[in-house]
Amino acid sequence: PFDGDHIWNLRHCRSGDVMYLVARNMSPCRLMRYGHADWRLEVMRFGPCVAAPENVVATPSGPAERSYAYVITAVAGDSEEESLPSEEAQCWAAATLNTSNLVSLTWQAVPGAREYRVFRGGGGSGSFGLIGRSVGTSYVDRGQTADYACGVPEARDPFNGSGAYPAVVQFYQQRLCFAASDKAPQTIWAGRTGNYDNLNVSYPLQSDDSCTVTLAADRVNAVRWMMPAGKLLIGTVDGEWTLSGAGGEPFSALSCEAQRHSSWGSADLPALTPA
């Protein structure tokens, strides 16, 4: 799919037999090698590999005194990746749930799911908190305390059209990092840890969520290249930067620090690792 204009701007990084390719004005792609004569190129689709549960039903037992809302997520057995939440299941049940006054939840099985996480609404602002897990397709809420520090994933795909496609790609600390779209030339998007094509976040944020960082420069400072080292090295039009976790911590949505180190500036070329 690459024409002459794309070729000159093509950037890539590789993990095993998979190469990730970006170019201005086109969606990020993945080139996979299955054999000497079997190569497959596909446009990347950002999101979890496991589907959200469907047909969630909440069945109350007891008086109808207050409204309850639930969502379920599935967790993939091979990658531990969490799906987006199901559609809400609502019901009226007792003001205080217990072993007699309870809410029974059921849902449809998701292929490849190892377990399911159950969230109950509350805590304000339409948030959901984790109340339990299940290896099957049912769960009973007897008034378990909801953990609102562990929220549901939220879908995010910043590369959704002309001007939003990244022009630079690189790995750093088990994250696939993109940068330099025309609309956000000095912004870096780092995917979820170990899930390269998942840019989702949670509310509130978790340490393995995707992370978005915009370099705070005094003028537009487009990213030209990135290189992994002890820190992520970044070359821009007007200077050289590093991106890492704060205070020696791993880089994450909860710990990130961008520092400028020089003002040489970089041409629009990929960096070369010193021999």
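These lines cover the structure that appears in this document, whether it is placed above or below.

Definitions and limits used
- Here the residue numbering is sequential within each chain, running from 1 through the sequence in written order.
- It should be noted that, the model being predicted, local features are given only for residues of pLDDT at least 70 and side-chain atom pairs only at 80 or more, the latter also being counted only at that level, while totals for whole chains, interfaces and linings use all residues.
- The basis for every side-chain value is the complete set of heavy atoms in the structure, and neither hydrogens nor water enter the calculation.
- In this description, strands pair whenever DSSP reports at least two bridges between them.
- Only DSSP runs of H or I reaching four residues or more are called helices, and only runs of E reaching two or more are called strands; each is numbered from the N terminus.
- Between N-to-C directions, angles span 0 to 180 degrees; the directions come from axes that are lines fitted to C-alpha atoms, helices contributing only their stretch in contact.
- Here, nonpolar core refers to any group of buried Ala, Val, Leu, Ile, Met, Phe, Trp, Tyr and Cys residues whose side-chain atoms link them within 4.5 Å.
- To sort residues, take the accessible area from a 1.4 Å probe on protein chains only and compare it with the maximum for the residue type: under 20% means buried, over 50% means exposed, and anything in between is partly exposed.
- Should any heavy atoms of two residues lie within 4.5 Å, those residues are considered in contact.
- Centre distance within 6.5 Å is the pairing criterion for rings of Phe, Tyr and Trp, where only the six-membered ring of Trp is used; planes under 30 degrees apart are then read as stacked, over 60 as edge-to-face, and the remainder as tilted.
- Distance and angle both matter: a charge sits over a ring if NZ of Lys or CZ of Arg is within 6 Å of the ring centre and within 35 degrees of the ring normal.

1. Describing the sheet that holds strand β21 (residues 257-262)
Here's step 1: Strand order in this open sheet of 4 strands is β18-β19-β20-β21, and the pairing throughout is antiparallel. Whereas interior strands pair on both sides, the edge strands pair on one side only; in this sheet they are β18 (223-228) and β21. The mean inter-strand angle of the sheet, taken between neighbouring strand axes irrespective of direction, is 25°.
Here's step 2: Two elements, β18 and strand β19 (residues 232-236), share 5 bridges in a ladder whose sense is antiparallel. Across the sheet, Met-226 pairs through a bridge with Ile-234, a residue of β19.

2. Looking at the nonpolar core
Buried together is how nonpolar side chains tend to be arranged in soluble globular proteins.
Here's step 1: Core analysis: the largest hydrophobic core is formed by 21 residues, its most contacted members being Ala-58, Tyr-70, Val-103, Leu-105, Trp-107 and Val-118.
Here's step 2: When contributions to this core are tallied by element, the ones reaching two or more residues are β6 (66-76), β7 (89-93), β8 (102-106) and β9 (113-121).
Here's step 3: A per-element tally of this core places β6 first, with 5 residues.
Here's step 4: Setting aside residues no more than four positions away along its own chain, Ala-58 makes contact with Tyr-70, Ala-89, Gln-90, Cys-91, Val-103, Ser-104 and Leu-105.
Here's step 5: In this structure, Ala-167, Tyr-172, Cys-177 and Cys-211 belong to the second largest nonpolar core, which totals 19 residues.

3. Brief notes about the sheet that holds β9
Here's step 1: The sheet built from 4 strands is open, its strands ordered β7-β6-β9-β10 with antiparallel pairing. In this open sheet, the two edge strands, each paired with only one partner strand, are β7 and β10 (128-134). Going across the sheet, the axis of each strand differs from the next one's by a mean of 30°, ignoring polarity.

4. Remarks on the pairing of strand β13 (residues 168-172)
In summary, the side chains of a regular strand alternate between the two faces of the sheet.
Here's step 1: Of all 5 residues that make up β13, 5 are buried, and the element is covered over most of its length.
Here's step 2: Both faces of β13 are covered, namely the face carrying Val-168, Gln-170 and Tyr-172 and the face carrying Val-169 and Phe-171.
Here's step 3: As defined by bridge partners, β13 adjoins strand β14 (residues 175-179) across 5 bridges and the pair is classed as antiparallel. Residue Tyr-172 lies in a different strand from β14, and its bridge partner there is Arg-175.
Here's step 4: Linking β13 to β14, which pair antiparallel, is a turn of 2 residues; within it Gln-173 sits at a positive phi near 50°.

5. Regarding the packing of aromatic side chains
Here's step 1: In this structure the tally under the stated criterion is 10 aromatic pairs.
Here's step 2: Their ring planes at 70° and their centres at 4.9 Å tell us that Phe-171 and Tyr-196 sit as a pair that is edge-to-face. With Phe-171 in strand β13 and Tyr-196 in the loop between β15 (187-190) and β16 (201-202), this residue pair connects regions lying 25 residues apart in the sequence. Taken as a pair, Phe-171 and Tyr-196 share a single burial class, namely buried.
Here's step 3: Joined through ring pairs, the aromatic side chains of Phe-46, Phe-159, Phe-178 and Trp-189 make up one cluster.
Here's step 4: Between the NZ or CZ atom of Arg-40 and the centre of the ring of Tyr-34, over which it lies, the distance is 3.8 Å.
Here's step 5: Between Arg-66 and the ring centre of Tyr-68, over which it is positioned, the NZ or CZ distance is 4.3 Å.

Without other data, these values stay purely geometric and don't point to any function.
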